[in-house]
Amino acid sequence: MNYKIFFLFGLLACWQPIAAQHTAHSFYATMALIDAEELQEEHPQDITILAKRRNEAAVFLTEKASHQLHKKVLAHGPGYIFQPSQDAAISALHQAPTVTSKKMPLPFSITEDATVLQALNSINADNIENHIKELENYGTRYHTTNSARRSAEELKDKWEAMAAQYDRTDVRVRLVTHTNTPMPSVVMTIEGAVSPNDYVIVGGHLDSTSSQGNNNAPGADDDASGIATITEAARALFEIGFQPEKTIEVMAYAAEEIGLVGSAEIAKSYRNNNVNVVAVGQFDMTNYNGSTEDIYFIEDNTDPELNSFFKSLIGHYNQTGEHALTYSTSVCNYGCSDHASWHREGYRASFPFEASFSNSNPRIHTASDTFDLSGTATHAAKFAKLCAEFLIEVAKNQAVLSVPDFEKEGYQLFVQAQNLHYKALQTASPIDQISLKDVSGKSVLIKNKLAFSGNFSISNLPTGVYIATITTENKRQLSKKMVIR
């Protein structure tokens, strides 16, 4: 059988003509098949299913249908991915997410306790509150409006002024223009001092929408809160003088609410240009405290290993005291926020969210999404702390040496008979500490004051891959990957 002919026949079998009643405000998209079919059943005049494949559909829908999707089917995000044409929508059904060789091998390590504590103590909830109100006061940031463009231009000014306040000559801010929206995205780049071609990204979307009329879309929680959160995290890093070794980018995406337009174009451009994006954190809605736990990690369209690392950050830095955080997990939906754009391009992305998906802010996408109905900014400040922890730990230089390079530095470290053996060679400084972390970055063993040579038991550790770090008496650190069998 000619499988190409069979595939074409199958595609034509589920093809439907575009409904004549669709208006100039209609557009193409891909979305979850179950959501498309539910919309079609309830609003047949506003959506046409063009093609189906597995659990996805290519559709042609009206703006009214997009609001009904949120109102009746979903609770957050557009729930679809914008496509520029009918051909693009149908082709997207057959494009698997990119698997890129540029993913940095995990694990990341957690070592920067003193720097992180400084940053956590610098996070100011009042700054977040004031910034949310600034963005809310535009009245709308719907992507086609003049106020949306103005919000992007003035955010660029705000970020540039913040960098200048702390005399950060390593910072530049740019507007990114897009093909499918007149609204620009805003990107702040903090150049890495050691590995400038490795990128750590945090972002949220700047635009807003409302089913009650897009001229009244304050978007305080969705997503002024996320923009204010990542801005405050960056400001805290500036305040403590943090100099990243990898390049950090802070992004305010355009036109997320109409199908992830800004982030999709940026992520695709980065992949096409082979940009090594180490990890991406998405901050979309951070200020509505609707659930028992503080933070919920979205498990679909995200990277499990990166999610695990975020949880390890909380386990290490936020167990008790004034910076304590709790967390759980939830699931989102098809294309619910900009993390899905990076995930589709093969980059590691994580999405810490304000509540369980079913208990998130019920006022989003309405004229009632205002700061005064979300409480104080103390909830968002917790996300700013997590964001700062993530940036500090991932943007440092992950110096994991090979065995020959490790020994060239004057140290031997190996496993034999369920013991870890260590030795500082003749010209090397004595060993003050050896620590082991598992693949999630969790500390599993620490031994202090070890001097020049010896061994200790690791029989209680499960088999697996670990990062062993030697700290010398002169505070130098050397790490290597080890396998315990």
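Here goes a summary of the coordinates provided.

Cut-offs used in this document
Residues numbered from 1 in each chain as written. Predicted model: local features only at pLDDT ≥ 70, side-chain atom pairs only at ≥ 80, totals over all residues. Heavy atoms only, no water. Helix = DSSP H or I, 4+ residues; strand = E, 2+ residues; numbered from the N terminus. Buried < 20%, exposed > 50% of the residue type's maximum accessible area, 1.4 Å probe, protein only. Contact = heavy atoms within 4.5 Å. Areas by Shrake-Rupley, 256 points an atom, 1.4 Å probe, with all protein chains shown as cover. Pairing = 2+ DSSP bridges. Axes fitted to C-alpha atoms, helices over the stretch in contact; angles between N-to-C directions. Disulfide = S-S within 2.5 Å. Polar contact = N/O pair within 3.5 Å; in protein donor to acceptor, adjacent residues only side chain to side chain. Salt bridge = Lys/Arg side-chain N within 4 Å of Asp/Glu carboxyl O. Phe/Tyr/Trp six-rings, centres within 6.5 Å; stacked < 30°, edge-to-face > 60°. Parallel < 35°, antiparallel > 145°, perpendicular 65-115°, else oblique. Left-handed = near helix turned anticlockwise from the far one by under 90°. Nonpolar A, V, L, I, M, F, W, Y, C, P; charged D, E, K, R; others polar. Core = buried A, V, L, I, M, F, W, Y, C linked by side-chain atoms within 4.5 Å.

Concerning the overall build of the protein
Scanning the protein from terminus to terminus reveals 13 helices and 21 strands. Taken over 485 residues, the protein has a buried fraction of 58%. For the protein, restricting intrachain contacts to residue pairs at least 6 apart in sequence, the fraction spanning at least 24 positions comes to 77%. Surface accessibility of the protein: about 20200 Å² in total, with carbon and sulfur atoms responsible for 48%.

A closer look at the sheet that holds strand 13 (residues 352-353)
Read across the open sheet, the three strands follow the order 11-10-13; overall the sheet is mixed. Looking at the sheet topology across the chains shown, the edges are occupied by strand 11 (327-330) and strand 13. In terms of strand pairing, strand 10 (residues 295-298) meets strand 13 through two bridges, oriented antiparallel. The residue of strand 13 that forms the bridge with Tyr296 is Phe353. In this fold helix 10 (residues 304-317) packs onto strand 10 and strand 11, with an angle of close to 165° to the strand it touches most, strand 10. Most of the contacts of helix 12 (residues 378-394) go to strand 10, to which it runs at about 55°, and overall it touches strand 10 and strand 13.

Thoughts on the state of the cysteines
Following the criterion strictly, the structure yields one disulfide and no others. Here Cys332 is linked by a disulfide to Cys336, with a sulfur-sulfur distance of 1.7 Å. Its S-S torsion of approximately 120° makes the covalent link between Cys332 and Cys336 right-handed. Like Cys332, the residue Cys336 is buried in the burial classification.

Notes on helix 8 (residues 220-239)
Counting buried positions along helix 8 yields 19 of 20 residues, so the element is predominantly enclosed. One or two residues past the end of helix 8 sits Gly241, with phi positive at roughly 75°.

Notes on the side chain of Thr140
With respect to the helices and strands, the residue Thr140 is situated in the loop between helix 6 (125-136) and helix 7 (146-165). Here Tyr142 takes part through its backbone nitrogen, which lies 3.0 Å from a polar atom of the side chain of Thr140. Discounting chain neighbours no more than four positions away, the residues touching Thr140 are Thr145, Ser147, Ala148, Ser208, Asn214, Asn215, Asn216 and Ala217.

Examining the sheet that holds strand 8 (residues 246-253)
With mixed pairing, the six strands of this open sheet are ordered in space as 5-6-8-7-9-12. On the outer flanks of this sheet lie strand 5 (171-176) and strand 12 (349-350), each paired with one strand and no other. Strand direction decides the pairing type here: strand 7 (residues 195-205) and strand 9 (residues 276-282), joined by six bridges, are parallel. Within strand 9, the position partnered with Gly203 by the bridge is Gln282. Packed on one face of the sheet, helix 12 meets strand 7, strand 8 and strand 9 and runs near 165° to strand 7.

Section: unusual backbone geometry
Cis geometry is adopted by the peptide bond preceding Asp223, which originates at Asp222 and carries an omega value of 5°. Along the chain, Asp223 falls in helix 8. One non-glycine residue, Ala255, adopts positive backbone phi at about 55°. Looking at where Ala255 falls in the secondary structure, it is placed in the loop between strand 8 and helix 9 (261-272).

Some points on the pattern of salt bridges
For the coordinates displayed, the defined rule picks out 17 salt bridges. The partner of Arg271 in a salt bridge is Glu345, and the shortest N-O contact between them spans 2.1 Å. Taken together, the positions of Arg271 in helix 9 and Glu345 in the loop between helix 11 (339-344) and strand 12 put the pair 74 residues apart, joining distant regions of the chain. Of the residues examined, Glu345 reaches a relative accessible area of 9% and is grouped as buried.

Observations concerning the packing of aromatic side chains
The description of an aromatic ring pair rests on the distance of the ring centres and on the angle between the ring planes. Scanning the model with the defined rule gives twelve aromatic pairs in all. Between the aromatic rings of Tyr28 and Phe60, the centroid separation amounts to 4.5 Å while the plane-to-plane angle is 40°, which identifies the pairing as tilted. Here Tyr28 is found in strand 1 (residues 27-32), whereas its partner Phe60 is found in strand 3 (residues 56-61), with 32 residues between them in sequence. Overall, the relative accessible area of 19% leaves Tyr28 in the buried class. With relative accessibility at 10%, the residue Phe60 sits in the buried group. Where Tyr166 meets Phe238, the ring centres are 6.3 Å apart and the plane angle is 50°; that geometry is what we call tilted. Of this pair, Tyr166 sits in the loop between helix 7 and strand 5 while Phe238 sits in helix 8; the two residues are 72 residues apart in sequence, bridging distant segments of the chain. We classify Tyr166 as partly exposed; its relative accessible area is 22%. Among the aromatic residues, those joined into a cluster by ring pairs are Tyr199, Tyr270, Trp342 and Tyr347.

Some thoughts on the packing of helix 6 against helix 8
At a minimum axis separation of 8 Å, helix 6 and helix 8 run at an interaxial angle of 135°. One element, helix 6, and the other, helix 8, form an angle in the oblique class. In this structure, the crossing between helix 6 and helix 8 has a hand that is right-handed. Where helix 6 approaches helix 8, its residues Asn127, Ile128, His131, Ile132, Leu135 and Glu136 are matched on the opposing element by Ala220, Ala224, Ser225, Ile227, Ala228, Thr231, Glu232 and Arg235. For the contact of helix 6 with helix 8, the class distribution of residues is seven nonpolar, four polar and three charged.

Considering the nonpolar core
By size, the foremost hydrophobic cluster in this structure holds 92 residues, and its most contacted members are Met31, Val59, Trp159, Met188, Leu206 and Phe390. Once you skip the residues sitting within four places of it in the chain, Phe390 turns out to touch Val200, Ile201, Val202, Ala279, Val280, Gly281, Leu306, Phe310, Leu313 and Ala395. Residues Leu413, Leu420, Met482 and Ile484 belong to the second largest nonpolar core, which totals 21 residues.

Points about the packing of helix 10 against helix 12
In the contact formed by helix 10 and helix 12, the axes pass within 10 Å of each other and the chain directions differ by 110°. Compared by their axis directions, helix 10 and helix 12 come out roughly perpendicular. Every residue of helix 12 that contacts helix 10 at Leu306, Phe309, Phe310, Leu313, Ile314 and Tyr317 is listed here: Leu386, Glu389, Phe390, Glu393 and Val394. Residue composition of the contact of helix 10 with helix 12, grouped by class: nine nonpolar, no polar and two charged.

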